[in-house]
Amino acid sequence: MCIGKKDNRREKRDEFRTCFSRKCRHVTYIYAKKNGKYSYIGLTHAEITDNIRNIPLEQNPNPKDNRASFMRPTADTEKVTLFEKKPKKDWHFSKTDKKKAKAVIKRSKKKRK
C-alpha cells in the first residue's frame, strides 16, 4: 500500500451505536465503514419521521425496551467521530428484521448508482 493513498475498501459491520449528528440523534444500525464514514440505518419509536412512514420492526433490537420500534426506510452515511466509541451490547435484530435491513441496504445501493 502506498503512503498517502486512501483505502477505498468497504469494511462490513453489524452493530448498533448512538449517532450524535443533527441528522439522526438516535441509535443506529451500522452495516459498513468506508473512508472514515459509517453507513447506517436509523432506528426510532416514531411511525412517521419527516413525513416519511418508517418500517415497523417485529421486535425491538434493545432487549431492555418493550416499546414498538421502527427502522428508517433509507440508509445514510456520517463521519465515524459522530458516533459512540463502543457499540451497544446485547442489541440485535430478529431474523425477519434482519431481512428488512438487508432490503433497505440493497435499495440504498441502487439509488447511489
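Our structure's up above, just so we're on the same page.
Residues numbered from 1 in each chain as written. Predicted model: local features only at pLDDT ≥ 70, side-chain atom pairs only at ≥ 80, totals over all residues. Heavy atoms only, no water.

1. Things to note about the sheet that holds strand β7 (residues 70–79)
Read from one edge to the other, the open sheet built from five strands follows the order β1-β2-β3-β7-β6, with strand pairing classed as antiparallel. Looking along the sheet, the strands with just one partner apiece sit at the ends: β1 (11–18) and β6 (55–56). As paired strands, β6 and β7 are joined by two bridges and run antiparallel to one another. Within β7, the position partnered with I55 by the bridge is M71. (Pairing = 2+ DSSP bridges. Helix = DSSP H or I, 4+ residues; strand = E, 2+ residues; numbered from the N terminus.)

2. Observations regarding the packing of aromatic side chains
Per the stated rule, a full pass over the model turns up six aromatic pairs. When the centroid spacing of 5.3 Å and the interplanar angle of 50° are considered together, the rings of F16 and Y29 count as tilted. Residue F16 is located in strand β1, and its partner Y29 is located in strand β2 (residues 27–34); the two are separated by 13 residues in the primary sequence. Of the two residues, F16 and Y29, neither departs from the other in class, the shared state being buried. Taken together, the ring pairs connect F16, Y29, W91 and F93 into an aromatic cluster. (Phe/Tyr/Trp six-rings, centres within 6.5 Å; stacked < 30°, edge-to-face > 60°. Buried < 20%, exposed > 50% of the residue type's maximum accessible area, 1.4 Å probe, protein only.)

3. What to know about the environment of D65
In this structure, D65 sits in the loop between β6 and β7. According to the relative accessible area criterion, D65 is buried, its value standing at 15%. Among the polar contacts made by the side chain of D65, one reaches the side chain of H45 at a distance of 3.2 Å. (Polar contact = N/O pair within 3.5 Å; in protein donor to acceptor, adjacent residues only side chain to side chain.)

4. As for the pattern of salt bridges
This model, assessed by the stated rule, comprises eight salt bridges. Here E47 and R53 are joined by a salt bridge, their closest N and O atoms 4.0 Å apart. A relative accessible area of 59% places R53 in the exposed class. Measuring nitrogen to oxygen at the nearest pair gives 3.8 Å for the salt bridge that ties K100 to D97. With K100 and D97 both in helix α1 (residues 95–112) and three residues apart, this pair spans about one turn of that helix. A cluster of three or more residues bridged by salt bridges with shared partners is formed by E11, R13, E15 and R17. (Salt bridge = Lys/Arg side-chain N within 4 Å of Asp/Glu carboxyl O.)

5. Considering the state of the cysteines
Evaluation of the coordinates by the stated rule reveals one disulfide. The residue that forms a disulfide with C19 is C24, at a sulfur-sulfur distance of 2.2 Å. Its S-S torsion of approximately -85° makes the covalent link between C19 and C24 left-handed. (Disulfide = S-S within 2.5 Å.)

6. A closer look at the environment of E15
By secondary structure assignment, the location of E15 is in strand β1. Remark: the alpha-carbon pair of E15 and Y40, spanning 25 residues in sequence, is separated by 9.5 Å. Each residue touching E15, except ones within four places of it in the same chain, is listed here: T28, Y29, I30, Y38 and P87. Of note is the side chain of E15, whose polar atom sits 3.2 Å from the side chain of R13. (Contact = heavy atoms within 4.5 Å.)

Just distances and angles here, no functional claims.
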